Amino acid sequence: MRQLKNIRSTLPWRILFFGTDEFSLKILESLNENRLSHSKHKVVDCLHIVHPNVKNPSPVLRYAALSDLSGFEWPTSNIQTNAYDVGVLASFGHLIPKKVIDAFPYGIINVHPSLLPRWRGAAPLHHTVLNGDTTTGISIMSLKPKHFDSGPILKQKNLDVPFNSSVQGLRDFLAVEGGKLIIDVLSNLPECIISEKQQPENGVTYAHKLTLNMSFIDWENQTLDSIDRQYRAIHETTELRTEFNGLTIRLLEMISPRYRPNIALDSDSPPGKPIFDRASNVLWVRCKDHWAGFMRVVIKKKMTAKEFYNGYLSKGHFSGALFTSKPNNLFNDIYSQWIKEKKPS
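Source: prediction; values computed, not measured. (Residues numbered from 1 in each chain as written. Predicted model: local features only at pLDDT ≥ 70, side-chain atom pairs only at ≥ 80, totals over all residues. Heavy atoms only, no water.)

## Here's the deal with the overall build of the chain
Then comes step 1: The secondary structure content of the chain amounts to nine helices and 14 strands.
Then comes step 2: Expressed along its principal axes, the backbone C-alpha trace of the chain runs to roughly 80 × 45 × 35 Å.
Then comes step 3: Buried residues in the chain amount to 50% of all 345 residues.
Then comes step 4: Pairs at least 24 apart in sequence give 67% of the contacts found in the chain among residues at least 6 apart.
Then comes step 5: If you sum the accessible surface of the chain, you get close to 17100 Å²; carbon and sulfur atoms cover 49% of it. (Helix = DSSP H or I, 4+ residues; strand = E, 2+ residues; numbered from the N terminus. Buried < 20%, exposed > 50% of the residue type's maximum accessible area, 1.4 Å probe, protein only. Contact = heavy atoms within 4.5 Å. Areas by Shrake-Rupley, 256 points an atom, 1.4 Å probe, with all protein chains shown as cover.)

## Things to note about the pairing of strand β5 (residues 108-112)
Then comes step 1: Buried residues dominate β5, accounting for five of its five residues.
Then comes step 2: Pairing between strand β4 (residues 86-90) and β5: three bridges, direction parallel. Counterpart to V88 in the pairing with β5 is I109.
Then comes step 3: Where β5 lies against strand β6 (residues 135-142), four bridges are found, and the strand directions are antiparallel. Looking across to β6, one finds that N110 is bridged to M141. (Pairing = 2+ DSSP bridges.)

## As for the UniProt feature "domain: Formyl transferase C-terminal" (unreviewed entry) in the chain
Then comes step 1: Mapped onto this numbering, the UniProt entry gives "domain: Formyl transferase C-terminal" (unreviewed entry) at residues 209-312.
Then comes step 2: The annotated region residues 209-312 carries 18% helix and 34% strand content, and the separation between its end C-alpha atoms amounts to 34 Å. (UniProt positions renumbered as here; feature names shortened; annotations may be inferred.)

## Quick word on the environment of P200
Then comes step 1: Relative to the helices and strands, P200 resides in the loop between α6 (189-194) and α7 (224-234).
Then comes step 2: On a C-alpha basis, the gap between P200 and K155 in space is 14 Å, while along the polypeptide they are 45 residues apart.

## Remarks on the pattern of salt bridges
Then comes step 1: Taken as a whole, this structure holds 12 salt bridges when the rule is applied.
Then comes step 2: With a shortest N-O distance of 2.6 Å, K98 and D102 are connected by a salt bridge.
Then comes step 3: Judged by relative accessible area, K98 falls into the exposed class, the value being 52%.
Then comes step 4: For E253, the salt bridge is made with R296, and the minimal N-O distance between the two is 3.1 Å. Here E253 is found in strand β9 (residues 247-254), whereas its partner R296 is found in strand β12 (residues 291-299), with 43 residues between them in sequence.
Then comes step 5: On the basis of relative accessibility, which here comes to 37%, the residue E253 falls in the partly exposed class.
Then comes step 6: Each member of the salt-bridge network shares a partner with another, and the members are R8, R14 and D85. (Salt bridge = Lys/Arg side-chain N within 4 Å of Asp/Glu carboxyl O.)

## Points about the environment of L11
Then comes step 1: Examined against the element boundaries, L11 turns out to sit in the segment before β1 (13-19).
Then comes step 2: Linking L11 and L189, residues 178 residues apart in sequence, is a C-alpha distance of 9.2 Å.
Then comes step 3: Apart from the residues within four sequence positions on either side, L11 is in contact with K42, V43, L186 and S187.

## Quick notes on the packing of aromatic side chains
Then comes step 1: Scanning the entire structure with this criterion turns up 15 aromatic pairs.
Then comes step 2: Centre to centre, the rings of F18 and F92 are 5.6 Å apart; their planes meet at 85°, and the pair counts as edge-to-face. Of this pair, F18 sits in strand β1 while F92 sits in the loop between β4 and α3 (98-101), and the two are 74 residues apart along the sequence. F92 carries the same exposure label as F18, and that label is buried.
Then comes step 3: Ring geometry for F276 and Y309: centres 5.2 Å apart, planes at 20°, overall stacked. Of the two residues, F276 sits in strand β10 (residues 274-277) while Y309 sits in helix α8 (residues 305-313), which places them 33 residues apart along the sequence.
Then comes step 4: Take F276: its relative accessible area is 10%, and that puts it in the buried class. (Phe/Tyr/Trp six-rings, centres within 6.5 Å; stacked < 30°, edge-to-face > 60°.)

The structure is reproduced here in C-alpha cells:
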C-alpha cells in the first residue's frame, strides 16, 4: 500500500492524464469538464496529458489541442516528482515504469473497462462481447509497474452488458460510466487508496490482442449465436473472413440472428454451403445449427450478395463449392484453458 504521510491531501488535484483512444477520450472529457466547472464538488485543479508520438493524432490528442490542454510526448522523462498529485490512465497501451509511477504522490490510477481480474489486457471489450458475458463493469485500480491490470482495486461498479452490443456500443457505454466513477474516486482519493484491495487470484482471464485468425469462421463447429458474437466483437476492427474455392472472402453486414430467412433452407445442407435469396438479396451460409446471412462481401472489391451470386455462385465451375471452415480457437476448451493459464508478456 502506498504511504500517504506528509503529502498534499486536499482537493482539487493536479492530474496528468495518460490516454489515446475513444474510451480514453470520454474519461478525459469527464476530467476536463470537472476542471472547468464551478461546482463545490470540483476535484480537478490542473490537467495535462501524456500522449504517444504517432503520425496520426489520437482522439485524446485532438481533444487536448481543441481544449488547450498541454502535456508531454511518450516516452517522457520530464515529469517532475510532486509536480502532480496523481496520474490517471485509461487505455494507454504502454507499460509505465516504476520511476514514472513514483513521481506521483498518489501514484497512477487506471480506469479499466471490465470487472478485474476478468479480462486483463489489451482487448477487454472485444472479449466481453466475444464470450457472451452478460455482466461487466468498470474497475479503478492502482497501477503497478511491469504488469498490465494487476494492481489493487480502489473501486468497481458492476453493470449489465447492453443487449446485442457491438464493441463500439459497449465502449461508449462503459466510457461514460468510467468517467463518472473516476470523479467519484478522485472525490475520496486518500480514503480509496487506504482501503484498496488486492485482486483475487481466482477468475483471472486475459484479453489478448485480436489476431487475423480470429476473423475466420469455422462453419462446421460454430453456431449462429457464436458467429453473431464474433461479428459484433470484431467487425468494427476487421471483417469476418472465409475461404471459397481458393479465394479469401470478407463478409459484411451480417443479418441479425433474430431474422429468419424467407426461403426454405435445408437443415441437412453441409456446413459452409452458400445460398443466395433473390427476394431479400441475402447470402445465406449454413453453419453448425442454422444459417448465417450477409448482405455484402469483398473479393478484391466490395459487392452485394446478388453481385457475388451472379459473378461466382451462378457459374458452373463453382457448382457445389462450399465456404471452407477454418479453426479459429475462439470457442473450444483449449482456448478456454489458454486464457486461464496465459501470462501477460
